[in-house]
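One-letter residues, chain by chain:
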Amino acid sequence: MKQPEKFQLRTETREGRCIVYVSGELDLEVATQMRAAMAPLVELKDRELSLNLRDLKYIDSTGIGILVSVLKARHASQAPFSVEAIPPGIRKLFDMTGITPFLTGQKQEQ
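Now for a quick tour of the structure.

Here is what the cut-offs are and how they apply
- The residue numbering used here restarts from 1 in each chain and proceeds along that chain's sequence as written.
- Where totals are concerned, whole chains, interfaces and linings use all residues; where local detail is concerned, this predicted model gives features only for residues with pLDDT of at least 70, and gives and counts side-chain atom pairs only at 80 or more.
- Excluded from the side-chain calculation are hydrogens and water; included are all heavy atoms of the structure.
- A run of H or I in DSSP counts as a helix once it spans at least four residues, and a run of E counts as a strand once it spans at least two, with each numbered from the N terminus.
- Only protein chains enter the accessibility calculation, which uses a 1.4 Å probe; a residue whose area is less than 20% of its type maximum is buried, one above 50% is exposed, and one in between is partly exposed.
- Working rule for contacts: check all heavy atoms of both residues, and any pair within 4.5 Å makes them a contact.
- Per-residue accessibility takes into account occlusion by the displayed protein chains alone, with areas from the Shrake-Rupley method and a 1.4 Å probe.
- Between any two strands, at least two bridges found by DSSP are needed for them to pair.
- Consider the strands pointing away from the viewer: the crossover is right-handed when the path from the first strand over the helix to the second runs clockwise.

## Description of the overall build of the protein chain
And then number 1: When helices and strands are counted, the protein chain shows 3 helices and 4 strands.
And then number 2: Listed N to C, the secondary structure of the protein chain is β-β-α-β-α-β-α in terms of helices and strands.
And then number 3: Reported as C-alpha extents along the three principal axes, the dimensions of the protein chain are approximately 45 × 25 × 25 Å.
And then number 4: Per-residue burial over the protein chain gives 43% buried out of 110 residues.
And then number 5: Pairs at least 24 residues apart make up 61% of the contacts formed inside the protein chain by residues separated by at least 6 positions.
And then number 6: Total accessible area computed for the protein chain in this model is approximately 6500 Å², and 52% of it derives from carbon and sulfur atoms.

Shown next as structure tokens:
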């Protein structure tokens, strides 16, 4: 049986941007951890918040819900937010759920 990819977050701040690198599997099991990590970052209105999903292997509806809640919070405070380096499989799921157009600045992984 295949072991699930371990969920990890790494944050980097540079040039007025806060980039959160998300790797592994973002699902119900790690939702509390993701929400706790994102809460203070969502409040940083003076810089762009960007999620880099290059190493994300899996996301479920709970993970998508977290992304949508971050998107709504950033939009409400008129703070920039983007999702970049979306793997093709994850991008397809975003397309199917209709959230792709709202994730500004996304870059598709080749």
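## Topic: the pairing of strand β4 (residues 81–84)
And then number 1: Alternating residues of β4 divide into F81 and V83 and S82 and E84, and every residue in both groups is buried.
And then number 2: In the sheet, strand β3 (residues 48–59) pairs with β4 via 4 bridges, with the strands oriented parallel. Bridging across to β4, S50 finds its partner in S82.
And then number 3: With respect to chirality, the unit in which β3 leads through helix α2 (residues 61–76) into the neighbouring parallel β4 is right-handed.

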